[in-house]
Structures are given as C-alpha cells and as structure tokens.
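What follows is each chain in one-letter form.
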Amino acid sequence: MEQRGGGARVLLKLTWIELKLFLREPTTLVFTFAFPVVLLFVLGEVFGNQPGGTDRRIFGGWGAMNYYVPAYIAVVTMSVGVIMLPARLTGYRAGGVLRRFRASLVPIWAVLGSQVLAALVLGVIGSVLVAAFGSLFYPVHVPDSLALLAAGFLLCAAAFAAIGTLLGAVMPSTRAAQGAGLMLFFVMLFLGGAGPPTGVMSDTMKRIGDFLPLTYGVDLLQASWNGTGWDGSAALVLGVILIVAGWLSLRVYRWG
Amino acid sequence: MRLRSQGESGTLSRMPPVIAVEHLRKTYSHHVVAVADVSFEVERGEIFGLLGSNGAGKTTTVECVQGLRTPTGGTVRVFGLDPRTSSGALRGRIGCQLQESRLPDHLKVWEALDLFASLTPGAADWRTLIKQWGLAEKRNATFSSLSGGQRQRLFIALALVSDPEVVFLDEMTTGLDPAARRIAWDLIEEIRDHGTTVVLVTHFMDEAERLCDRVAVVDKGAIIALDTPRGLVVRYDPLEQVVFSAPDEDMDWLQRVPGAQKVCRRGTRMVVEGSGPLLAHVAAALVERGYAPDDLRVIEPSLEDVFLKLTGHPVEV
C-alpha cells in the first residue's frame, strides 16, 4: 500500500517536471500551441463561419469554423502525440536519462505514465486555446454536448499518446523519431480532415484518409461538438488503436 | 529446532555480506566475454574497490550487481535479494553513480535532487548534499549548462540522496580537477564512517590505495587478486627501492649490503632494491666508505607496481 502511494507521488512529480521542461523549450511550445491557432486563423479568414454560405456539402452543413474548431482540437492531441512524445522518449533513451532513472529504480510505468499525463495536460491547454480563439473571433457556437466532447477528447488524446509512445519505443534515434513524427503529422493534417474538408476530397484522398487515425479523431470531436451525438464507429477505431498501440509499446519499450 | 539454532549461530558469528557474487559470468552475443568468472563478497561498512583497466569488466560486474544487466551465469545477491527481481525492495537501499548517463537538458540541479529524494520516504536532506558537493551556487542551473566536473558531482549527490546503505561509484573522480578529487575522497571517507558501504570502481591507483579497505584487481573479466592495498603490496611486490645520487664509479660492494637483492644505475642515481631495514644498512655502508649523498631516500612499492606485476601491462586510461 505504502509503496503504491509512493509510486503515485513519483508519477505526479515526474509529470510536473515534464510540464516545466516543456515550458523551457520554445520550439516545441510554439509548434504545439501557436501553430494550430495560426492555421485556424487562416482558415477562418478564408471561409468565415456562415452556415450554408459556402456549398452545404463541403462542411457537412455546418459553418466552416464549426467544422474546423473541433478538428483542430484533434490536431492538438495529434501534435503532442506524434511529435513531442516520440522525440522526448527516444531522447531519454539515447542520452542515458532512462539509465539514470532505472538505476534509481524509478518504475518504468511512472516514466511512461508521466509522459502520457503531461501530454494530456498539454492537449487540454492547446484545445482550450483553439476553442477560445474560435469562439472569440468567429461566432463558433458552444459545443452541443460538453460531456461527449470531453469523452471524445480523452479517447482521442489517449489514442495519439499511445501511438507516440509506440513510436518512441521503436524509433532508433531522436532524429528518426522527429522525422517520422513530422511526416505523420503533415500527412494526417492534410488528408485527415483538418485541411481540405472531406466533402471536397477525391476518392483517392478519402481512401488514404480512411487509414489515418486523425480522420476518426476529427469525426468523433465534430460529431459531439455539432450535435450529431457519439460517433460509435470512430470511437471504436480509436479505442482499438489505443489498446493495440498501448499494449505494443509496453511490450516493446526498452530501458536502453 | 535444528534449523533455528543454525540460523541464530549464523547471525551471531558473522553479519551476512551486503553483496555476494558467485561465479558471475556475462557474455554479449556469444562471442564477447565481458566477465568470465567473478566471485566476491562486500562486507557492511567497507569501501570495496574494483580496480582495472578500461574494458576489464569492472562496470559490467557492478551493472549486474545493480540489476541493470542480466548475468549469463552465476548468482548475485544484494542484502540477500536478487537485484533483477527485487527492484522494489531495494529502492532507496542502494545508490548508484553511473559512468554514462544524463539528465534532461533543461532540468535544474535542485529539481533533480528533489525528484530523486522523493523516490524514498526517508531520504537525506538534499539541501545539505548540494552544499557538501559544492553545487549550492548552481542550484538553479540547468543540467546542460553544467561543466563535466559539476555534472559528476551532481551524479554523486544523486547517488547519495536516498541515504542508501550501499552506494556504487563508477569512476567517480573522472572529470574532476585535483582539488575537487581530494574533496570527493574526504567526503567518501565521511560517508563510510557513517556506516554506508561503498563499492568503488576505478582505474586510478592512487584513488584505490587511498580509499579502499579491500581491492579486487580485475583483468580480462576475472579477479586476479583481492586483498587490502597494503596486503597486495606485501604479497606481490614486497621489495622497496633505496635511491641516491652517486659519482660514476664502481659500486658493486652495494650487493653485499644486508637485504640488498639488486643494484643498478639509473643515470646519475644508484638504485638498490631489496627488503628488510634496507635504508639503514645502505646508509651505514655509504657513510663507512665516505659517501654522504644528500638525497638518500626510500621508494615504497605502490599499488601501481603490483598492478603491473599482476597484469603484465600498465593501466590503460
């Protein structure tokens, strides 16, 4: 019992330290928090938020910003998951930080857990920024169901954290992890529904999109924000990703 | 009944060793033998040294003891526990300073100490450690801004922050300047005097000679000698040398000085090698023949001479 309590304290302390370390790295900070807002600004200026102002099919009958704000919440969780997490985890392994932790018998679940918790907190902050920007400058309506949105956000963030942890476990170096992370990020950004909306995509683009986790994150969050309810099939896909990637990364992760 | 009485007499006669290593073997990919066959015990409260060249197998040996590597063969026990399977029970009881490790670049000195202290409930006060190891003014510096010596001192402080019962120090004075080395040595002796067992891995002869209660000389994955530093010298290289400046003339009569075994000339100096009260006899013989060199002195055999004799090669840095 006592040991478990101690483990939880170590987990929280590591998470707090991870968050402080994040704030001391300007590049990651800007990329995670400012980049989605800048993209949202461009999209908002181009499309505005008049429902039906553009072709109804393009944004699923919603205003463009009602389409994009939930999509960019999914993008924030993806950015933290596939860019920040793998770089951090591979860096720790290659540099000997993990050896240092391991020699002091820090449990591996606390090391991985603190990364995931920190990613979750950063995801919340980034999402609040995106949502605040959207509702302040464009008349984006409030989410139809906050509870469903929160549940969708958690599932989406957890699935991307699992993907990021898996990348961190299998990538041989920080450079490789950064390369793979950035490539995944941009492919998903443009083909997963956060760039051109699904309504204007060619069949080929849609077929590629079907293989991208972001597509399902965008679908899930848009549905709960815009009142179409809980997208069960998207949630199922994300759930499977979470379980498989999470299980694999715990199996594969080496102390280094 | 019988079992219990045996146990009682066991604890009465002798404290169990802190570390017991029996026939440890570690090979990498079937070809490279890092540790061939190593057995030793470390008693409570001693400074135990593993002395050898780089690549001799010292670090692999302690990494197996720390539970960082899985031995290919043999057994390792720390406080009677297997370090591979009992990491939870050993947390806080052992402290490690690793040869190659890092902290996150932007982590501050105090945050690192605070984090590692939080791993164990009864941890030492890191505010004292930070002063002892000369890092007080670097409290808010990030890890990447520290010099090599400062990083080294931080890692030693981290090894000690849980107030461990046994601490492993792997090449702890590498990167330290001479003054910092002396301070580190004094502090390590202080730690031992407080009852902490110390396992010291080093390739520095002077460090082993100065600090260790017992030294295991490691060469090619095996322990080739194990004794106190003095004991090693007496056993393997008991000869001392008497040295003095002398004019360039025949001094063969020195061979007949009691205790002398070998006489040779080294430049402007004569060297008489032997045992017993050699200095007194040489001095008497010199005065008798009208010589009075003003630099007559004894060179005691050192651990370095023993090492050379045992391994056939000088320590490689």
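Since this is a predicted model, take the numbers as computed values, not measurements. (Residues numbered from 1 in each chain as written. Chains lettered and ligands numbered in written order. Predicted model: local features only at pLDDT ≥ 70, side-chain atom pairs only at ≥ 80, totals over all residues.)

Colleague: An account of the overall build of chain A is needed here, citing residue identities and associated values.
Modeller: Within chain A, the secondary structure is distributed over 10 helices and 0 strands. When the helices and strands of chain A are placed in sequence order, the string is α-α-α-α-α-α-α-α-α-α. For 256 residues, the compact-globule estimate of 2.2 N^0.38 gives 18 Å, and the C-alpha radius of gyration of chain A, at 19 Å, lies within 12% of that figure. When its C-alpha atoms are laid out on the principal axes, chain A stretches across 60 × 35 × 35 Å. Taken over 256 residues, chain A has a buried fraction of 50%. Summarising the internal contacts of chain A: among those between residues at least 6 apart in sequence, 79% fall at separations of at least 24. (Helix = DSSP H or I, 4+ residues; strand = E, 2+ residues; numbered from the N terminus. Rg over C-alpha atoms; globule rule 2.2 N^0.38 Å. Buried ≥ 20, exposed ≤ 12 C-beta atoms within 10 Å, placed from the backbone. Contact = placed C-beta atoms within 7 Å.)

Colleague: Report on the overall build of chain B, specifying residues and quantitative values.
Modeller: Each helix and strand counted, chain B has 11 helices and 13 strands in total. On the principal axes, the C-alpha backbone points of chain B span a range of 75 × 60 × 45 Å. Buried residues in chain B amount to 38% of all 317 residues. Across chain B, contacts joining residues at least 24 apart in sequence account for 67% of those joining residues at least 6 apart.

Colleague: Can you break down the interface of chain B and chain A residue by residue, with the values?
Modeller: Accessible area lost upon the coming together of the parts serves often as the stated size of an interface. Of the residues lining the interface, 21 residues belong to chain B; the matching set on chain A comes to 19 residues. Elements that contribute at least two residues to the side of chain B that touches chain A include exactly helix H3 (87-90) and helix H4 (109-117) of chain B. Residues of the side of chain B that touches chain A, tallied by class, amount to 11 nonpolar, 6 polar and 4 charged. (Nonpolar A, V, L, I, M, F, W, Y, C, P; charged D, E, K, R; others polar.)

Colleague: With reference to specific residues and values, describe the sheet that holds strand E12 (residues 269-274) of chain B.
Modeller: Note: strands within a sheet are paired through backbone hydrogen bonds, in either parallel or antiparallel orientation. All names here are of chain B. Ordered by their spatial adjacency, 4 strands build an open sheet running E11-E12-E10-E13, and the pairing between neighbours is antiparallel. In this open sheet, the two strands that pair with only one neighbour each are strand E11 (260-266) and strand E13 (297-299). Taken pair by pair, the neighbouring strands of this sheet meet at an average axis angle of 25°, ignoring direction. Sheet analysis places strand E10 (residues 240-245) next to E13, joined by 3 bridges and oriented antiparallel. Each residue of the ladder has a partner; that of Val243, found in E13, is Arg297. The strands touched by helix H10 (residues 278-288) within the sheet are E10, E11, E12 and E13, with E10 carrying the most contacts at an inclination of about 30°. (Pairing = 2+ DSSP bridges. Axes fitted to C-alpha atoms, helices over the stretch in contact; angles between N-to-C directions.)

Colleague: Which residues make up the environment of B:Val18, and what are the values?
Modeller: All names here are of chain B. Here Val18 is to be found in the loop between helix H1 (2-13) and strand E1 (19-28). By the C-beta count within 10 Å, which is 23 here, Val18 ends up buried. With 216 residues separating them in the primary sequence, Val18 and Val234 have C-alpha atoms 27 Å apart. Here Val18 is in contact with Val42, Glu43, Arg44, Val78, Phe79, Val166 and Thr197, once residues within four sequence places are set aside.

Colleague: A description of the nonpolar core should follow, citing residues and the corresponding values.
Modeller: A:Tyr72, A:Cys156, A:Ala159, A:Leu238, B:Leu113 and B:Ala157 are the most contacted members of the largest nonpolar core, which has 154 residues in total. If one sorts the elements of this core by residue count, helix H3 (residues 64-95) of chain A sits on top with 20 residues. Setting aside anything within four residues of it in sequence, one finds A:Tyr72 in contact with A:Pro36, A:Leu40, A:Val130 and A:Ala194. In this structure, B:Val242, B:Val257, B:Val282 and B:Leu286 belong to the second largest nonpolar core, which totals 9 residues. (Core = buried A, V, L, I, M, F, W, Y, C linked by C-beta atoms within 7 Å.)

Colleague: I'd like a rundown of the packing of helix H9 (residues 213-225) of chain A against helix H10 (residues 232-252) of chain A, residues and numbers included.
Modeller: All names here are of chain A. At a minimum axis distance of 8 Å, the contact between H9 and H10 shows a crossing angle of 135°. With respect to H10, the element H9 is oriented oblique. Relative to H10, the crossing made by H9 is left-handed. On the side of H9, the interface is formed by Pro213, Tyr216, Gly217, Asp219 and Leu220, while H10 contributes Ala234, Ala235, Val237, Leu238 and Ile241. By residue class, the composition of the contact of H9 with H10 is 8 nonpolar, 1 polar and 1 charged. (Parallel < 35°, antiparallel > 145°, perpendicular 65-115°, else oblique. Left-handed = near helix turned anticlockwise from the far one by under 90°.)

Colleague: I'd like to hear about the pairing of strand E9 (residues 222-227) of chain B, residue by residue, with values.
Modeller: Residue and element names in this part refer to chain B. Relative to E9, strand E8 (residues 214-219) runs antiparallel, the two sharing 5 bridges. Pairing of Val218 across the sheet is with Ile223, part of E9. From the end of E8 to the start of E9, which pair antiparallel, there are 2 residues, and Lys220 there has a positive phi angle of about 50°.

Colleague: Go over the confidence of the model for chain B, please, and point to the residues and values.
Modeller: Residue and element names in this part refer to chain B. Confidence in the prediction for chain B averages 87 pLDDT; 95% of positions are at 70 or higher. Taken element by element, chain B is modelled with least confidence in H1, mean pLDDT 41, and with most confidence in strand E3 (residues 47-51), mean pLDDT 95. The low-confidence segment residues 1-13 (pLDDT under 50) makes 0 contacts with residues lying over four places distant or belonging to another chain. As scored by the predictor, the complex reaches a pTM of 0.81 and an ipTM of 0.83. (pLDDT = per-residue confidence, 0-100.)

Colleague: Quick rundown of the packing of H3(A) against helix H5 (residues 108-137) of chain A? Include the residues and the values.
Modeller: Residue and element names in this part refer to chain A. Where H3 meets H5, the axes come as close as 9 Å, and the angle between the chain directions of the two elements is 150°. Classed by the angle they form, the pair H3 and H5 counts as roughly antiparallel. Considering only the axes of H3 and H5, their crossing is right-handed. For the pair formed by H3 and H5, the contact residues are Met65, Val69, Tyr72, Ile73, Val76, Thr77, Val80, Gly81, Met84, Leu85, Arg88 and Leu89 on the first element and Gln115, Ala119, Leu122, Gly123, Gly126, Ser127, Val130, Ala131 and Gly134 on the second. Across the contact of H3 with H5, the residue classes tally to 13 nonpolar, 7 polar and 1 charged.

Colleague: Let's hear about unusual backbone geometry: which residues, and what values?
Modeller: All names here are of chain B. Positive phi is not limited to glycine here, since Glu171 has a value of about 50°. Here Glu171 shows up in the loop between strand E6 (166-170) and helix H7 (178-193). The class of Glu171 is buried, set by 20 C-beta atoms lying within 10 Å. A positive phi angle, near 50°, is found at Lys220, a position not held by glycine.

Colleague: Give me the environment of B:Leu308: which residues, what numbers.
Modeller: By the element assignment, B:Leu308 lies in helix H11 (residues 303-311). Linking B:Leu308 and B:Ser29, residues 279 residues apart in sequence, is a C-alpha distance of 31 Å.

Colleague: Account for the pairing of E11(B), naming residues and giving values.
Modeller: Residues and elements named next belong to chain B. Sparse coverage of E11 is indicated by the burial of 0 of its 7 residues. Taken together, the 6 bridges between E11 and E12 define a ladder with antiparallel strand orientation. By the bridge assignment for E12, Arg266 is matched with Arg269. Two successive antiparallel strands, E11 and E12, enclose a turn made up of 2 residues, where Gly267 displays a positive phi of approximately 65°.

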